[in-house]
Amino acid sequence: MLTLALFSIFVPAVVALWPVPHTLHTGSGALKLAHTFAVQLQAQESPPADLLAAISNAESLLKTDSFQRLVVGRASADDKAISHAPELPSLLLSLAPRMALPHRPPRRSQATLLANSSLGLFRGLSTFTTMWYASPTQKYILNAPVQILDEPAFLSVLYWHVVDSQSFPLDVTAFPELSAKGAYSDAEVYSTADVNNIVSYANQRGIDVVMELDSPGHTTGIAFAHPEHIACANKSPWSQYASEPPAGQLRIASNSTLSFALQMFDSVASNLRGPMMSSGGDEVNLPCWQEDEATVQDLEQSGTTIEDALNAFIQAVQAVLTARGKVPLIKSDMILTHNVSVTNDTIAVFVPLHRT
């Protein structure tokens, strides 16, 4: 999970920052970024590689970004104001787990970024790089000095709905045929390396990735490789059997399908970095199972109901995710509409209730 990061910037501001900082104080002076400007990291024994990369990216962006003020004349309108402005030579990054903020901003033409975590330093760098306007020869602000105190209102999470009814573009090590037959094309497949690259790219920017492998609904894409596991596949009219075309759901009452699903989740979870994974669970359609001959037979043989089978399916999938060290996420439909039992650490993803 992401650690909440608090950071503070003092720089000798700017009013057009987004997201809006928690606290922002500005002055009315001009300040230029020195051509030799550099970001300096206060001595750390082993600074994280992603923080070093963030520093490099920030320095590069400050050199190449060309955003100008939205006024008549653009940067030329500010020539007089910045002609004799002092220059900022550096930004000092300091990590203070128990951060005590200075009672006053540092001296003029000095910038300091304090944070209680590496992620806070990263967030502060992101804010710092968006403060500056560009002219043809330099970067500048017109509101110095500026003091920012900020903290996250939410966690930064990419919720990745990687498969759906229409296609199955994820390469699953245990079942390579799923993407081979279920993706739109060979070029439109997420390999394990692709997934790791996306997760790494996000993590370096302080973002957690939660992959959703939707089930037991929205699984028609599996039917291209394993039609034996999908009830009401492509059945018409789709609106009676699904919330979106084409219709199709896993045969939750089938032991064979349950075994297949658990192997699929285990294979994906074992290759997925990160603390969380979602099994989806929204918008299942009861008539899809009620009119599926194989599902009806399996229910009769086991003496169970659809709700019993659904509950057993969800519990089994969650057990696999938990065994792989993942905090399980599930769509709220399963809890609010179907009253399934979930683990105590399950995170419910709210989905507005609507027609099924």
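It should be emphasised that the depicted structure is a prediction, and the values quoted were computed from it without experimental measurement.

Enquirer: Is there a simple way to explain the pairing of strand β12 (residues 327-331) in this structure?
Expert: The side chains of a regular strand alternate, first on one face of the sheet and then on the other. For β12, the buried fraction is high: 4 of the 5 residues fall into the buried class. Here strand β11 (residues 276-278) pairs with β12 via 3 bridges, running parallel. Counted as the bridge partner of M276 is V327 from β12. In this structure, β12 lies alongside strand β13 (residues 347-349), joined through 3 bridges in parallel fashion. Residue L329 lies in a different strand from β13, and its bridge partner there is I347.

Enquirer: What is the right way to read the domain arrangement of the protein chain from this model?
Expert: When cut into domains, the protein chain gives domain 1 (23-149) and domain 2 (157-349). Distance between the C-alpha centres of domain 1 and domain 2: 45 Å. Listed by partner, the interface residues are 5 residues for domain 1 and 4 residues for domain 2. Of the roughly 360 Å² buried at the junction of domain 1 and domain 2 (both faces included), carbon and sulfur atoms supply 50%. It is D50, F122 and R123 that lose the most area in domain 1 upon contact with domain 2, and together they represent 74% of the buried surface on that side. At the junction of domain 1 with domain 2, the criterion picks out 2 residue pairs in polar contact (both at pLDDT 80 or more). For the side of domain 1 that touches domain 2, the secondary-structure elements that each account for two or more residues are α1 (49-64) and α3 (118-129). If one sorts the elements of the side of domain 1 that touches domain 2 by residue count, α3 sits on top with 3 residues.

Enquirer: So what exactly am I meant to see when it comes to the side chain of S332 here?
Expert: If you trace the backbone, S332 turns up in helix α10 (residues 332-336). With near-sequence residues (within four places) excluded, S332 lies in contact with T337, V349, F350 and V351.

Enquirer: Any chance you could explain the pairing of strand β3 (residues 87-95) here in plain terms?
Expert: Sheet topology note: the strand β2 (residues 23-41)/β3 ladder contains 6 bridges and is parallel. By the bridge assignment, L33 is partnered in β3 with L88. Pairing geometry for β3 and strand β4 (residues 111-115), over 5 bridges, is parallel. Among the inter-strand pairings, S94 is bridged to a residue of β4, identified as L114.

Procedures and definitions
- Residues numbered from 1 in each chain as written.
- Predicted model: local features only at pLDDT ≥ 70, side-chain atom pairs only at ≥ 80, totals over all residues.
- Heavy atoms only, no water.
- Buried < 20%, exposed > 50% of the residue type's maximum accessible area, 1.4 Å probe, protein only.
- Helix = DSSP H or I, 4+ residues; strand = E, 2+ residues; numbered from the N terminus.
- Pairing = 2+ DSSP bridges.
- Domains from an automatic or database assignment.
- Contact = heavy atoms within 4.5 Å.
- Buried area = accessible area lost by both parts, 1.4 Å probe.
- Polar contact = N/O pair within 3.5 Å; in protein donor to acceptor, adjacent residues only side chain to side chain.

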